[in-house]
Amino acid sequence: MRIYEPVNLAMPLAKRLGKIIGERGDVPDGETVRGILKELGLEEACLGRGVTVFRNGDVIALVLPQGEVLMVDIIPASRELSDALEVIAYRDRQLNAFIVEILPANDLEYEGNIGIEPIIIDAETLELESSPVLGHFEEDEKGPFLVIDRETYELGRESGTTDTCPVCGGELAWKGSEAYCRDCGYRVKVVRE
């Protein structure tokens, strides 16, 4: 998997964080996130004073863990802050739930529309209470596409979000197990994992 832009890193990272929270019942620490980012193909560029910087040729990621809140800022290497995203994992005491969200780092300038529903996990039962459509990105001769597993697709179908692009919130046109977004151009493929 090659990471071209912030969304290519944010979606698989959020999915992994949600899975870890669902298994452990805790927000992952900085060391765990460092391992995930290395697995996703980024190299560690700097580590110090609670902040870790990762990079590849296309994105820069800043890991900022602080107690029960974990923030990962993902900035394109071009430094276009209008495309930057933030993955936040935290425990919401009022809702008694763990939340993992992907948000624009700069709401005023963000050029897209994040159509990604947050991951909401009950803090007591560790059951998923939302229907986020998250996956990872792969590439073929037509370009990059989002891969989601059958279980994730079924969650989206139950919540009625299968016609909404998980990348930008636009409209998906389906043909078999593959869809094309009419707005952002990303393709979505459903695979059995």
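Keep in mind the model is a prediction, meaning the values are calculated, not measured. (Residues numbered from 1 in each chain as written. Predicted model: local features only at pLDDT ≥ 70, side-chain atom pairs only at ≥ 80, totals over all residues. Heavy atoms only, no water.)

J.: Even after reading the chapter, I still don't get the sheet that holds strand E10 (residues 172-175), so can you show me in this structure?
T.: Note on sheets: strands pair through backbone hydrogen bonds, and any given pair is parallel or antiparallel. Taken in spatial order, the five strands line up as E8-E9-E12-E11-E10 in an open sheet, and their pairing is mixed. Either end of the sheet is taken by a strand with one partner, and the two such strands are strand E8 (136-140) and E10. If you compare each strand with its neighbour and ignore which way they point, the axes differ by 30° on average. Pairing of E10 with strand E11 (residues 178-181), which is carried by four bridges, proceeds in the antiparallel orientation. Bridge pairing in E11 links leucine 172 to cysteine 181. Set on the sheet, helix H1 (residues 6-24) makes contact with E8 and strand E9 (143-149); between it and E8 the angle comes to about 135°. (Pairing = 2+ DSSP bridges. Helix = DSSP H or I, 4+ residues; strand = E, 2+ residues; numbered from the N terminus. Axes fitted to C-alpha atoms, helices over the stretch in contact; angles between N-to-C directions. Contact = heavy atoms within 4.5 Å.)

J.: Would you mind showing me how to read unusual backbone geometry here?
T.: As a rule of thumb, non-glycine residues mostly have phi less than zero, and peptide bonds are mostly trans rather than cis. Phi is positive for asparagine 96, close to 55°, though the residue is something other than glycine. Within the secondary structure, asparagine 96 sits in the loop between strand E5 (85-92) and strand E6 (97-104). For leucine 126, which is not glycine, the phi torsion reads 60° and is therefore positive. For leucine 126, the position within the fold is in the loop between strand E7 (119-122) and E8. Given the relative accessible area of 27%, leucine 126 is considered partly exposed. (Buried < 20%, exposed > 50% of the residue type's maximum accessible area, 1.4 Å probe, protein only.)

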